[in-house]
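Descriptive structure summary
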Amino acid sequence: MSVEVTVQRARCIGSKVCLSAAPGVFHIDYDNTALVIDAEAASEQELIDAARTCPTRAISVIKDGQRLA
Ligand code: SF4
């Protein structure tokens, strides 16, 4: 089963840390908040790193119904 990545946009402050932690997965939108464009562009570990380094913990990573980060 694939990994599910979500961004709580209301919590995002546009720091862009996720862009380098998981290249190709996130995009910063016109309103300076992140959205997921391709959850499969990075490895599972990179997704977890993105979630853990997000300063506002806006990113969730879920696999097989279990939250990894
Ligand atoms: S690291 Fe977190 S706060 Fe920063 S742009 Fe990404 S989702 Fe938003």
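The preceding data block contains the structure.
I will try to describe carefully the structure that is included in this document. Computed from a prediction, not measured in an experiment: that's the story for all the values here.

Here the focus is the nonpolar core. Val 7, Ala 22, Phe 26, Leu 47, Ala 50, Ile 59 and Val 61 are the most contacted members of the largest nonpolar core, which has 21 residues in total. Going through the elements one at a time, strand S1 (3-7), helix H1 (17-21), strand S2 (26-28), helix H2 (44-53) and strand S4 (59-63) are the ones with two or more residues in this core. Not counting residues up to four positions away in its chain, the partners in contact with Leu 47 are Val 3, Val 5, Ala 22, Val 25, Ala 39, Ala 42 and Val 61.

Along the chain, Ser 60 falls in strand S4. Side chain to side chain, Ser 60 and Arg 67 meet in a polar contact 3.2 Å long. Apart from the residues within four sequence positions on either side, Ser 60 is in contact with Glu 4, Val 5, Thr 6, Gln 8, Arg 67 and Ala 69.

Now for a positive patch on the surface. Taken together, Arg 11, Arg 52, Arg 57 and Arg 67 make up a surface patch of like positive charges. Mapped onto the elements, Arg 67 comes out in strand S5 (residues 66-67).

Right, let's get into the environment of Lys 63. By the element assignment, Lys 63 lies in strand S4. Residue Lys 63 is classed as partly exposed on the basis of its relative accessible area, which comes to 27%.

Assignment of secondary structure puts Thr 33 in the loop between S2 and strand S3 (34-36). Its relative accessible area of 10% is what places Thr 33 among the buried residues. Polar contacts involving the side chain of Thr 33 include one to the side chain of Arg 9, which spans 3.1 Å.

The next point concerns H2. Within H2 the residues assigned to the buried category are Leu 47, Ile 48, Ala 50 and Ala 51. Considered in projection along H2, the buried side chains sweep an arc of 155° and stay on one side of the axis. On the buried face of H2, the contacting elements are S1, H1, S2 and S4.

The rules behind these values
Residues numbered from 1 in each chain as written. Predicted model: local features only at pLDDT ≥ 70, side-chain atom pairs only at ≥ 80, totals over all residues. Heavy atoms only, no water. Core = buried A, V, L, I, M, F, W, Y, C linked by side-chain atoms within 4.5 Å. Buried < 20%, exposed > 50% of the residue type's maximum accessible area, 1.4 Å probe, protein only. Helix = DSSP H or I, 4+ residues; strand = E, 2+ residues; numbered from the N terminus. Contact = heavy atoms within 4.5 Å. Polar contact = N/O pair within 3.5 Å; in protein donor to acceptor, adjacent residues only side chain to side chain. Patch = residues over 30% accessible without salt bridge, like charges linked within 9 Å, V, L, I, M, F, W, Y side chains within 5 Å. Areas by Shrake-Rupley, 256 points an atom, 1.4 Å probe, with all protein chains shown as cover. Salt bridge = Lys/Arg side-chain N within 4 Å of Asp/Glu carboxyl O. Lys, Arg positive; Asp, Glu negative; His and termini not counted. Charge placed at Lys NZ, Arg CZ, Asp CG, Glu CD. Arc of directions from axis to C-beta.

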